[in-house]
Structure formats: C-alpha cells, structure tokens
Amino acid sequence: WTALKHADPELFEDRGIVTSAIVQDWRALNILPKEVAAPYWSDPAIVLRCIAQDAPKVLQLADKIMRGMTEVMLAAVQIQGGLLELADVGIKANRIVALAAVQNDPAAIQHVDVALRGDRGIVLAAVEQNGLMIKHASDDLKADRDLAMVAIRNTNGEAFDLLAEDLQKDGDLVELAGIS
C-alpha cells in the first residue's frame, strides 16, 4: 500500500489497484488525492473493510452518510461500542445496533436513543457488566426490582442511590446494598 506514494497518478484511476491497496491498509486512502479518495470514503463495502482495521479513525474520516447505515455502524460498535456516539439519530434508535454497542461497552448506553433506555434487554446488558449504568435507564426500569438487584450486586451497593426512590425503601435491597 505504501507503494502508492511513489505510483504514477494514472494508477489511481485503476479501481482494482486502489482497492487492493486499501484492503491491505486503510491508510492508503490518505495517500490518494482527496478527489480520488472521496468515492472510496462513501462506498459502504470499502468502509466496512476499513472499519475492521481501525474503526474509530475510519468512521471519523468516512463520508458522514456512513454513520446512518446500519451495517456500517453495527460493524463499528461491535469493535468499539462507544462509536455509537457518532451514529445518526436513527441508528441510535436501532435496537440491534444499540444492543451490540452496549454488549461491547456498557457505557455506550448513554448514546442509545432515549426510547431504548426503556428496553429491558438493552439496560440489562449494560447493568450486568456495570451496575452504575442503571443511571441511564428509563424511570420505569430504575424502579424494576430485578434490575436493581443486578445493579446493586455488580457495584457492591454503589448503584443503590441511582434506583427509584421506592426501591430505596425496600428493606431487602437496603440489606443487599450493605446500608445500615
């Protein structure tokens, strides 16, 4: 791929050669003149291949339209869940992408669409890994006793103050949290 630095610019017109270089290393796109690289940055198949190499950098450099494509964003959040932050609003509301992001990184729940913060499966996936993530759950789920128990157990009681007020009066949960 580094041979592109010294290649005859006419070779840049050969999609096969350029694609071969990009598949070896996405940074080949940085060697190309911007007008030559632009169509590759907006090609989902190319961007997907590049995401596998360096998801954060590629997603930042790729055409912004990629952030609204389910397949592209799903691949990105499976590598680094926090990349959900860069997704278009509609993707943040996609249950499959949101769940994948949270399974990869529980803190990604803060970037999930508000409506999905009321989805028990998504919240449970986050809380099972980090009980403090219950703070991003809907009010209804902050009042869910079973989720509260998971959050308390996974934080040695630290999540207790994040629960719904009614649950903070539950004697069993108070005991589980180690509050006297």
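Residues numbered from 1 in each chain as written. Predicted model: local features only at pLDDT ≥ 70, side-chain atom pairs only at ≥ 80, totals over all residues. Heavy atoms only, no water.

Q: So what exactly am I meant to see when it comes to the overall build of the protein chain here?
A: The helix and strand tally for the protein chain stands at eleven helices and zero strands. If you list the helices and strands of the protein chain from N to C, you get α-α-α-α-α-α-α-α-α-α-α. Relative to the 2.2 N^0.38 estimate, which gives 16 Å for 180 residues, the radius of gyration of the protein chain is 22 Å and therefore markedly larger than a compact globule would have. In terms of overall dimensions, the protein chain has C-alpha extents of about 75 × 25 × 20 Å along its principal axes. (Helix = DSSP H or I, 4+ residues; strand = E, 2+ residues; numbered from the N terminus. Rg over C-alpha atoms; globule rule 2.2 N^0.38 Å.)

Q: Which parts of the structure should I look at to understand the nonpolar core?
A: Side chains that are nonpolar tend, in soluble globular proteins, to be buried together. With 61 residues, the main nonpolar core has Ile-22, Leu-29, Ile-51, Val-102, Ile-109 and Ile-134 as its most contacted residues. Not counting chain neighbours up to four residues away, the residues in contact with Ile-22 comprise Ala-28, Leu-29, Tyr-40, Ile-46, Cys-50 and Gln-53. (Core = buried A, V, L, I, M, F, W, Y, C linked by side-chain atoms within 4.5 Å. Buried < 20%, exposed > 50% of the residue type's maximum accessible area, 1.4 Å probe, protein only. Contact = heavy atoms within 4.5 Å.)

Q: How should helix α5 (residues 70-79) be read in this particular structure?
A: Along an α-helix, a turn takes 3.6 residues, which lines up residues three or four apart on a common side. Turning to α5, its buried residues are Val-72, Met-73, Ala-76 and Val-77. Projection of α5 onto a plane perpendicular to its axis shows the buried side chains occupying an angular sector of 120 degrees, all on one side. Of the residues in α5, the exposed ones pointing more than 90 degrees away from the buried face are Glu-71 and Gln-78. (Arc of directions from axis to C-beta.)

Q: Is there a simple way to think about the packing of helix α4 (residues 44-61) against α5 in this case?
A: When two helices pack together, their arrangement is captured by the angle between the axes and the distance separating the axes. Between α4 and α5, whose axes approach to 9 Å, the crossing angle comes to 35 degrees. Of the two elements, α4 crosses α5, and the hand of that crossing is right-handed. Each of Pro-44, Val-47, Leu-48, Ile-51, Ala-52, Ala-55 and Leu-59 in α4 lies in contact with α5, whose residues at this interface are Glu-71, Val-72, Met-73, Ala-75, Ala-76 and Ile-79. (Axes fitted to C-alpha atoms, helices over the stretch in contact; angles between N-to-C directions. Left-handed = near helix turned anticlockwise from the far one by under 90°.)

Q: Would you mind going over α4 with me for this structure?
A: Between its first and last C-alpha atoms α4 spans 13 Å; for 18 residues at 1.5 Å apiece the expected length is 26 Å, and the helix comes up short by more than 12%. Approximately 135 degrees is the largest bend angle found in α4, and it occurs at Asp-54, with the proline Pro-56 only one to four residues beyond. Listed in full, the buried residues belonging to α4 are Ile-46, Val-47, Cys-50, Ile-51, Ala-55, Val-58 and Leu-59. Two to three positions downstream of the cap, the backbone nitrogen of Ala-45 sits 2.9 Å from a side-chain oxygen, assigning the N-cap of α4 to Asp-43. (Expected span 1.5 Å × (residues − 1). Bend = angle between axes of the 7 residues up to and from the residue. Polar contact = N/O pair within 3.5 Å; in protein donor to acceptor, adjacent residues only side chain to side chain.)

Q: I would appreciate a short explanation of unusual backbone geometry in the present structure.
A: Note: most residues except glycine have negative phi, and most peptide bonds are trans. The phi dihedral of Asn-156 falls on the positive side, at around 50 degrees, and the residue is not glycine. Along the chain, Asn-156 falls in the loop between α10 (145-154) and α11 (171-176). We classify Asn-156 as exposed; its relative accessible area is 73%.

Q: Would you take a moment to explain the environment of Ile-134 for this structure?
A: Within the fold, Ile-134 resides in the loop between α8 (120-129) and α9 (139-142). Taking the relative accessible area as the measure of exposure, Ile-134 reaches 0% and is therefore buried. Separated by 34 residues in the primary sequence, Ile-134 and Gln-168 place their C-alpha atoms 14 Å from one another. The residues contacting Ile-134, other than those within four sequence positions of it, are Val-127, Leu-141, Lys-142, Leu-147, Ala-148, Ala-151, Ala-159, Leu-162 and Leu-163.

Q: Is there a simple way to think about the side chain of Asp-119 in this case?
A: Tracing the sequence through the fold places Asp-119 in the loop between α7 (95-104) and α8. Within the local environment of Asp-119, its side chain forms a polar contact with the side chain of Arg-95, the two groups lying 2.7 Å apart. Within the structure, the side chain of Asp-119 is placed 3.1 Å from the backbone nitrogen of Ile-122, a separation counted as a polar contact.

Q: How should the pattern of salt bridges be read in this particular structure?
A: Close approach of charged atoms allows side chains of opposite charge to pair. Under the definition given, this model contains seven salt bridges. Asp-172 is the partner of Arg-145 in a salt bridge, and the nearest nitrogen-oxygen pair spans 3.2 Å. Pair noted here: Arg-145 is in helix α10 and Asp-172 is in helix α11, with a separation of 27 residues, a long-range link. Between Lys-169 and Glu-165 there is a salt bridge, with the nearest N and O atoms lying 3.9 Å from each other. Side by side, Lys-169 and Glu-165 carry an identical accessibility label, which is exposed. (Salt bridge = Lys/Arg side-chain N within 4 Å of Asp/Glu carboxyl O.)

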